[in-house]
Amino acid sequence: MPVVPTNELCTSEEDLQGQIQAEGPVEAQLLGAEAEDASTPLASFPPVSSSSAAGDAEILLKQALNGMTTQLLEFLLLKYGTQEPIFQAEMLNTVLRDNQAHFPVVFRKATQCLQLAFGLDMKEVDHREHIYVMVPILGLTLNEMQRDEQSIPKAGLLVTVLSLILLAGDRISEEKVWGALSKMGVFAGIKHCIYGEPKELLTQVWVRAGYLKYRQVRYSHPARYEFLWGPRAYAETSKQKVKDYLRKINGRGPRFFPPRWA
C-alpha cells in the first residue's frame, strides 16, 4: 500500500457537507500534523498567561491525536489491501501503544476518514473479541474491483460525485462538480495523493465502469458537459441509500435536503 501524504487524507463531516452543498469556502481539516520541535530554550520566550498555555496545550493535543489518527489509517489501509481481519487488540498494541487511553477518539476520527475519503465502513464481526472488517459504503463494488496491496480505495470521491448529482436534481454541470471538488483540494488535471488524476477518473474510468454518465449539454455552444448517474450506480445502490448516508454524516436530518425529499 503506497504511503498517502498525511496532510490531505480527509476532511471533517462538516466540511463534506459544505462541499456537497457547495455553499461558500470550506476549511480542510488536516491530519498528521507533527508537533513543532521545542528545542529553543524557554528563556527566549516572553512569559505566557495561563490561558495562552492552555491554548498551546490544546493545540499540541490535537496535533498528537491527528498523528495517531494518521498512523491508524495507514495501518487500516494496509489491512484492507491484504484482506486481513482487524483486531482491536492489534490496533491498541501495534499503533497506539502508550496512548491507548485516546483510542476511542482516534478510532472514531479514523473510521470517519475511511468513510468520507476512501468509501469504506468498519464493520464489527466479533463483538466479544472486537474483530472488524472493512466493507464498501452504499454497496458500491468500486473498491473491490481495484483491491490489492498497492491500490488506494477511491470510492469516497465517487460517493461525493453521486451525491452532488442527486442533490442537483439528477444531473449537474461539470463546472459545478469541479467547483465543489476544489473545496476538497481536488482539481481537474492536477494529480491528487489519493485519487490520482481526478478528471480521468470522472470522465473516463468511471464512465467506462458504468458508474457515471458524462455527456454534452444539449444545444450548448461552445460545448458544455454534465454528469449523471450511470447504470452501474443504479444497480449497486439507490438514491434513498445515498440520502440516508448524507443524513448520517451531516447529522442535520431531512432539513439538509430540498423540501420534496424531507
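The structure under discussion appears in the preceding block.
Bear in mind the structure is a predicted one, so any value in this text is a computation, not a measurement. (Residues numbered from 1 in each chain as written. Predicted model: local features only at pLDDT ≥ 70, side-chain atom pairs only at ≥ 80, totals over all residues. Heavy atoms only, no water.)

A. Just the environment of Leu73, in detail. Tracing the sequence through the fold places Leu73 in helix H2 (residues 50–82). You can call Leu73 buried: its relative accessible area is 1%. Placed 37 residues apart in sequence, Leu73 and Ala110 show a C-alpha to C-alpha distance of 5.8 Å. (Helix = DSSP H or I, 4+ residues; strand = E, 2+ residues; numbered from the N terminus. Buried < 20%, exposed > 50% of the residue type's maximum accessible area, 1.4 Å probe, protein only.)

B. Main features of the packing of aromatic side chains. Enumeration over the complete set of coordinates arrives at 5 aromatic pairs. Centre to centre, the rings of Tyr214 and Tyr225 are 5.1 Å apart; their planes meet at 20°, and the pair counts as stacked. Within this pair, whereas Tyr214 is found in strand S5 (residues 212–216), its partner Tyr225 is found in strand S6 (residues 225–229), the two being separated by 11 residues in sequence. On the basis of relative accessibility, which here comes to 30%, the residue Tyr225 falls in the partly exposed class. Through a chain of ring-to-ring contacts, the aromatic side chains of Phe103, Phe107 and Tyr132 assemble into a single cluster. (Phe/Tyr/Trp six-rings, centres within 6.5 Å; stacked < 30°, edge-to-face > 60°.)

C. A look at the pairing of strand S2 (residues 120–126). Judged from the 6 bridges that link them, S2 and strand S3 (residues 131–136) form a sheet pairing that is antiparallel. Opposite Met122, over in S3, you have Met134 as the bridge partner. The turn joining S2 and S3, which pair antiparallel and follow one another in sequence, is formed by 4 residues; a positive phi near 55° is taken by His130. (Pairing = 2+ DSSP bridges.)

D. Molecular detail of the side chain of Gln115. Within the fold, Gln115 resides in helix H4 (residues 103–118). One polar contact links Gln115 to Asp121, side chain to side chain, over a distance of 2.6 Å. Other than its neighbours up to four places away in sequence, Gln115 contacts Leu120, Asp121, Ile137, Gly156, Tyr245, Lys248 and Ile249. (Polar contact = N/O pair within 3.5 Å; in protein donor to acceptor, adjacent residues only side chain to side chain. Contact = heavy atoms within 4.5 Å.)

E. Layout of the nonpolar core. Core analysis: the largest hydrophobic core is formed by 63 residues, its most contacted members being Leu76, Leu181 and Leu202. In terms of residue count, helix H6 (residues 155–167) provides more of this core than any other element does, 10 residues in total. Shared between two domains, this core holds at least three residues of each, these being domain 1 (61–136) and domain 2 (154–256). Each residue touching Leu76, except ones within four places of it in the same chain, is listed here: Ile86, Met91, Ala110, Leu114, Met122 and Met134. (Core = buried A, V, L, I, M, F, W, Y, C linked by side-chain atoms within 4.5 Å. Domains from an automatic or database assignment.)

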